[in-house]
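So you can see what is in the structure, the chains are spelled out below.
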Amino acid sequence: MDEELIINGFDYSGIEKRESIRLEKRLNARVKDALCAVLNISHKGILLETEMPVFWFPISESLQFELELDGQWTPITGIVKWVVSDTLHSRIGIFIRRAPDIYLSYLKKLYAA
């Protein structure tokens, strides 16, 4: 049975543990033309926070979004792995199967810092 895990009002119970190291990095992102925030990032995935309602993000569905990397908007496609929500925000865990080169280069700089 899964333990209850509530952090800052978000219930993360039952969400699978990640295998890759995520860096807490605040970046701008856009999903469906709405601005949102990146909370953490890795070579395999990303955690986004948005004011959009949770029903916009079906689990296991493909999601196209853009990240602002070094002043340039970069399109990325991922798979929604999980979504948690409170009354104001949705947090979306996204698996990135094939990251663009600019994304991987950006991560290499972060990991080296």
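Reading the values: the criteria
Residues numbered from 1 in each chain as written. Predicted model: local features only at pLDDT ≥ 70, side-chain atom pairs only at ≥ 80, totals over all residues. Heavy atoms only, no water. Helix = DSSP H or I, 4+ residues; strand = E, 2+ residues; numbered from the N terminus. Buried < 20%, exposed > 50% of the residue type's maximum accessible area, 1.4 Å probe, protein only. Contact = heavy atoms within 4.5 Å. Areas by Shrake-Rupley, 256 points an atom, 1.4 Å probe, with all protein chains shown as cover. Pairing = 2+ DSSP bridges. Axes fitted to C-alpha atoms, helices over the stretch in contact; angles between N-to-C directions. Salt bridge = Lys/Arg side-chain N within 4 Å of Asp/Glu carboxyl O. pLDDT = per-residue confidence, 0-100. Phe/Tyr/Trp six-rings, centres within 6.5 Å; stacked < 30°, edge-to-face > 60°. Lys NZ or Arg CZ within 6 Å of the ring centre and 35° of its normal. Patch = residues over 30% accessible without salt bridge, like charges linked within 9 Å, V, L, I, M, F, W, Y side chains within 5 Å.

## Side note on the overall build of the chain
On a plain count of helices and strands, the chain comes out with 1 helix and 8 strands. Counting only residues that meet the buried cut, the chain has 38% of its 113 residues in that class. Counted over contacts in the chain with a minimum sequence separation of 6, partners at least 24 positions apart contribute 49%. If you sum the accessible surface of the chain, you get close to 7,300 Å²; carbon and sulfur atoms cover 49% of it.

## Let's talk about the sheet that holds strand 5 (residues 45-50)
Each strand in a sheet pairs with another by means of backbone hydrogen bonds, the pair being arranged parallel or else antiparallel. With antiparallel pairing, 6 strands are arranged side by side around a closed barrel as 3-4-5-8-7-6. When the angles between neighbouring strand axes are averaged without regard to direction, this sheet yields 45°. Two strands pair when backbone bridges link them, and strand 3 (residues 27-31) and strand 6 (residues 62-69) are joined in this way by 3 bridges, in the antiparallel orientation. Bridge pairing links Ala29 to Leu67 in strand 6. Sheet strands in contact with helix 1 (residues 101-112) are strand 3, strand 4 (34-41), strand 5, strand 6 and strand 7 (72-85), and its direction is about 55° off that of strand 6.

## Considerations on the pattern of salt bridges
A complete count under the given rule lists 3 salt bridges for this structure. A salt bridge links Arg30 to Glu66; the shortest N-O distance between them is 2.9 Å. Of this pair, Arg30 sits in strand 3 while Glu66 is found in strand 6, placing the two residues 36 residues apart along the sequence. According to the relative accessible area criterion, Arg30 is partly exposed, its value standing at 25%. Between Glu49 and Arg91 there is a salt bridge, and its shortest N-O distance comes to 2.8 Å. Within this pair, whereas Glu49 is found in strand 5, its partner Arg91 is found in strand 8 (residues 90-95), the two being separated by 42 residues in sequence. The pair Glu49 / Arg91 is uniform in exposure class, with both members buried.

## Topic: the confidence of the model for the chain
The predicted model of the chain has a mean per-residue pLDDT of 82, with 80% of residues at 70 or higher. Across residues 5-10, where pLDDT falls below 50, the model places 13 contacts with residues more than four positions away in sequence or in other chains.

## Observations regarding the packing of aromatic side chains
On inspection of all chains with the given rule, the structure shows 0 aromatic pairs. Residue placement shows Arg30 over the ring face of Trp73; its charged tip is 3.8 Å from the ring centre.

## Thoughts on a nonpolar patch on the surface
Judged by side-chain polarity, Val54, Phe55 and Trp56 come together as a nonpolar surface patch covering roughly 320 Å² of accessible area. The topology assignment puts Phe55 in the loop between strand 5 and strand 6. When its relative accessible area of 63% is taken as the criterion, Phe55 is described as exposed.

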